[in-house]
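Given next are the chains, with one letter for each unit.
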Amino acid sequence: MERLFRLLVLILLAVVATVEGGEVTYDVRSLIFEGQRKLLFSGSIHYPRSTPEMWASLIAKAKEGGIDVIQTYVFWNLHEPEKGLYDFSGRADLVGFIKEIQTQGLYASLRIGPFIEAEWNYGGLPFWLHDVPGIVYRCDNEAFKMHMQNFTTKIVNMMKSENLYASQGGPIILSQIENEYQLVEHAFHEKGPPYVKWAAQMAIGLQTGVPWMMCKQDDAPDPLINTCNGMKCGDSFPGPNSPKKPWIWTENWTSRYHAYGEEPNPRSPQDIAFQVALFVARNGTFVNYYMYHGGTNFGRTSSAYATTSYYDEAPLDEYGLVRQPKWGHLKELHAAIKLCSNPILFGTQFTLSLEERQMGYIYRRDSGECAAFLVNNDDTKTVVVIFQNSSYELTPNSVSILPDCKNVAFNTAKISVENNTRSITTGKKFNGSEMWEEFNESIPTFPETSIRYNTLLEHMNTTKDMSDYLWYTFSYQQESSNSQAVLKLNSAGHVLRAFVNGVLVGSAHGSHKNSRFSLEATVPLNNGSNNISLLSVMVGLPDSGAYLESRVAGLRSVRIHDIQNLKDLSNYSWGYKVGLLGEKLKIYMEQTSSKVQWRKFTSSRNPLTWYKTSFDAPAGDESLGLNLGSMGKGEAWVNGRSIGRYWVSFLTPQGSPYQTWYHVPRPFLKATDNLLVILEEENGSPLGISLDIISTT
């Protein structure tokens, strides 16, 4: 009998799905397409976190893994970086991504937001919103609502113009407005609930012909569907807020994103499968994996303290390679649950207490067709239970799936898929000093600045997110014969580097949980005038919480304690400079690299040094990762394209870097003479860099 079920699974997986048009509705059991209830597995793949050349392969691998729906956020600040100026090209080609989903016969779930969080810079909001007079984000504020409605309408109309909604014959079956708003709603007091109602009415008024949802919003107004986010929705979701709505799980976290200062938090395929099976057993008919492929936070797109690699432990890793056994175990889970589709979608649910911590969830049709989920909630004991006069051994924390209420087709705790491991082979070493040229950033002084204030400016409002870097400079007159003083600095994030008369005297940084920190350094002072230059560095903008427009970062207080007294310089004559010279001149691009005078590599390893070299692309089509293990902190570009920030010197609690290899997509490369530029903030050595081949074995 077990062989029969395996054969049925194979037959089911071989069926080629097709996407048909028609109005999408729902009832208490599921989403409904053209009168047919659907049991759907979905996977999040974010189009800007990979390249267009990768999309087809990623979607195909998801489909092969039993995924029916591809879910993505829409990234407002990617598409409208300046007010009224839009970009839908390259990695921002949302229409192209949705059409690729359609080409492969899958459905799409479009989470417009347009606030999305997503560990994406500023939660997806464009920073120009910050300067709109009177604006308060995400509440009953007319200025914010106007811009939110404008962008949402633009996206919906774009989808309509390409006939991409299922009601038009396209693949989009579901949309989302807002994102986990309930977590912040109370902070807005009387301005919160009206905003929820307005957002719902605005979305419905766009008439897409498909349902809208609000995730983590228990009071989502009808007809919007409230959905669950988290690792344990199988256990914790109380169900939708109306008996007319289906159970939907929008974010089943396949691991957790990595953030500097946090403990890495992997998740086993057994635990994922257990929660999915339990959610379906309890009435769930739509489960989305967040992420199915995480990808890469290219450029400066990651949120505060988030790593460049995103959800690398997903079923498809950062490079798009299958991660086993997670991918294969979930594929088998999907097939087993799909064998139960008819009883789940059209039958009646019964529950049965089997033992103290063991439950049975049974779906039975009038025809007698039956499916059962036998659940063991005990995390230590294997228990034998009796169900329909047969005994079943249930391992700890597991669900046994019986598509015919007799034979076990799948147990969530038992993995039959072989593990694979990531294999890294050195493709190109950059270990010769003759291979590199360097350019040292000059340390600006107060007389060289053009922005002047008699107070400490807030970092984000000053840079407008045009750069991670903001120089705070002042001239300090030392009239004592004592040549030593203590510099005491307090910052609200994220990194601070202090220079006195052009020499680095100290650095400090915060972490994901606590962005505020202090830096105290004993510094040498010259008799007379001294140039103090303080470099504040952001590692992404915040992406969550209420009142984002009021957040602060950068220097908050500056004091100098010399032999005479303690001087507070917070309200002093300050000069500011936004960004670095190399950034302004774009020396990471081939056509503008010559705007500065590069010199031969030296072993001085000064902070704030740019390094450049050229290389030929390794043969083949394997994935590539740039090994930056010898570096400290900075950013890397290949042929003018940023592969993201790196911060190898920030170690995990176990003492290893959060990320050492940085994805270099093949489409970024030419066959020969590729330009690699590194901005190193600390004292890393480029001689240890290598371009490595990434594969699995």
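Preceding this section is the structure that the text describes.
Presented here is an overview of the structure given in this document. Counting of residues starts from 1 at the beginning of each chain's written sequence and follows it residue by residue. Residues qualify for local features only when their pLDDT is at least 70, as the model is predicted, and side-chain atom pairs are given and counted only at 80 or more; totals for whole chains, interfaces and linings, by contrast, use all residues. Note: side-chain values were computed over all heavy atoms of the structure, leaving out hydrogens and water.

**Thoughts on the overall build of the chain**
What counts, and what does not: Runs of H or I in DSSP of at least four residues are treated as helices and runs of E of at least two as strands, each being numbered from the N terminus. It is over C-alpha atoms that the radius of gyration is taken, and the globule rule equals 2.2 Å times the number of residues to the power 0.38. Residue exposure (1.4 Å probe, protein chains only): buried if accessible area is under 20% of the type maximum, exposed if over 50%, otherwise partly exposed. In this analysis, two residues are considered to be in contact whenever any of their non-hydrogen atoms come within 4.5 Å of each other. All accessible areas in this document rest on Shrake-Rupley with a 1.4 Å probe, and a residue is counted as covered only by the protein chains that are shown. Under this rule, positive means Lys or Arg and negative means Asp or Glu; His and the chain ends count for nothing. Every charge is mapped onto a representative atom, which is NZ of Lys, CZ of Arg, CG of Asp or CD of Glu.
Looking only at helices and strands, one finds 13 helices and 38 strands in the chain. Relative to a compact globule of 697 residues, whose C-alpha radius of gyration would be 26 Å, the chain shows 28 Å and is just as compact. Taken across its 697 residues, the chain has 60% of its residues classed as buried. Partitioning the intrachain contacts of the chain with sequence separation of at least 6 by distance along the chain shows that 73% fall at a separation of at least 24. With the model as given, the accessible surface of the chain reaches about 26400 Å², and the carbon-plus-sulfur share is 48%. Averaged over its 62 positive side-chain charges, the chain has a centre that lies 0 Å from the centre of its 70 negative ones.

**A look at the sheet that holds strand E37 (residues 674–680)**
Selection rule: A pair of strands is treated as paired once DSSP finds two or more bridges between them.
With antiparallel pairing, six strands are arranged side by side in an open sheet as E31-E20-E32-E37-E34-E35. Both outer strands of the open sheet, strand E31 (599–600) and strand E35 (641–647), are each paired with one neighbouring strand and no more. As judged from the seven bridges shared by strand E32 (residues 609–615) and E37, these two strands associate in the antiparallel manner. From the neighbouring strand, Phe 615 faces E37, where its bridge partner is Asn 674.

**Notes on unusual backbone geometry**
Cis rather than trans, the peptide bond between Gln 324 and Pro 325 has omega equal to 15°. Looking at the secondary structure, you find Pro 325 in the loop between strand E11 (284–293) and helix H10 (326–338). Following Gly 493, the chain continues into His 494 via a peptide bond in cis, with omega recorded as 0°. Turning to its location among the elements, His 494 is positioned in the loop between strand E23 (484–491) and strand E24 (495–500). Phi at Lys 216 is positive, roughly 50°, even though this residue is not glycine.

**Here's the deal with helix H7 (residues 193–205)**
Rules: The length a helix should cover is 1.5 Å for every residue beyond the first.
Spanning 13 residues, H7 covers 18 Å between terminal C-alpha atoms, matching the ideal 18 Å at 1.5 Å per step. Every buried residue of H7 is listed here: Tyr 195, Val 196, Trp 198, Ala 199, Ala 200, Met 202 and Ala 203. Next to the buried residues of H7 lie helix H5 (142–161), strand E7 (172–177), helix H6 (182–185) and strand E8 (212–215).

**Topic: the layout of surface pockets**
Convention followed: Here the term cavity refers to a set of points on a 1 Å grid, laid over the protein atoms alone, in which a 1.4 Å probe fits but cannot get out; the term pocket refers to an open set having protein on both sides within 12 Å along at least five of seven lines, with lining residues being those that place an atom within 4 Å of a point. Grid points are joined across faces, edges and corners, and a volume is the space filled by probe spheres set on the points. For this classification, Asp, Glu, Lys and Arg are treated as charged, while Ala, Val, Leu, Ile, Met, Phe, Trp, Tyr, Cys and Pro are nonpolar and the rest, including Gly, are polar.
Considering only enclosed or pocket space, the largest pocket measures out at about 1400 Å³ in volume. Lining the largest pocket are 37 residues, with Leu 78, Pro 81, Gly 299, Arg 300 and Thr 301 sitting closest to its centre. Of all the elements in the fold, those that place two or more residues in the lining of the largest pocket are helix H2 (52–64), helix H3 (76–79), strand E34 (633–638) and E35. Of the residues contributing to the lining of the largest pocket, the split by class is 16 nonpolar, nine polar and twelve charged.

**Considering the side chain of Asn 252**
Inspection of the secondary structure assignment puts Asn 252 in strand E10 (residues 247–253). Accessibility expressed as a relative area gives 0% for Asn 252, which makes it buried. Here Asn 252 is in contact with Gly 230, Met 231, Arg 267, Ile 272, Val 276, Val 287, Asn 288, Tyr 289 and Tyr 290, once residues within four sequence places are set aside.

**Observations regarding the nonpolar core**
Test applied: The set of buried Ala, Val, Leu, Ile, Met, Phe, Trp, Tyr and Cys residues whose side-chain atoms join them within 4.5 Å is what this entry labels a nonpolar core.
Met 159, Ile 173 and Phe 373 are the most contacted members of the largest nonpolar core, which has 127 residues in total. Of all the elements, helix H9 (residues 269–281) adds the most residues to this core, at nine residues. Among residues more than four places away in sequence, those in contact with Met 159 are Leu 94, Val 95, Ile 98, Leu 110, Leu 164, Tyr 165, Gln 168 and Ile 172. The next biggest cluster of nonpolar side chains, apart from the first, holds 50 residues, and it includes Tyr 305, Tyr 588, Val 638 and Ile 689.

**Points about empty space enclosed by the protein**
Counting across every chain of the model gives one cavity of 30 Å³ or more. Empty space within the largest cavity amounts to approximately 40 Å³. Lining the largest cavity, in full, are Tyr 260, Ala 306, Thr 307, Thr 308, Val 539, Lys 633, Arg 645, Tyr 646 and Trp 647.

Read these as spatial facts, not as claims about activity.
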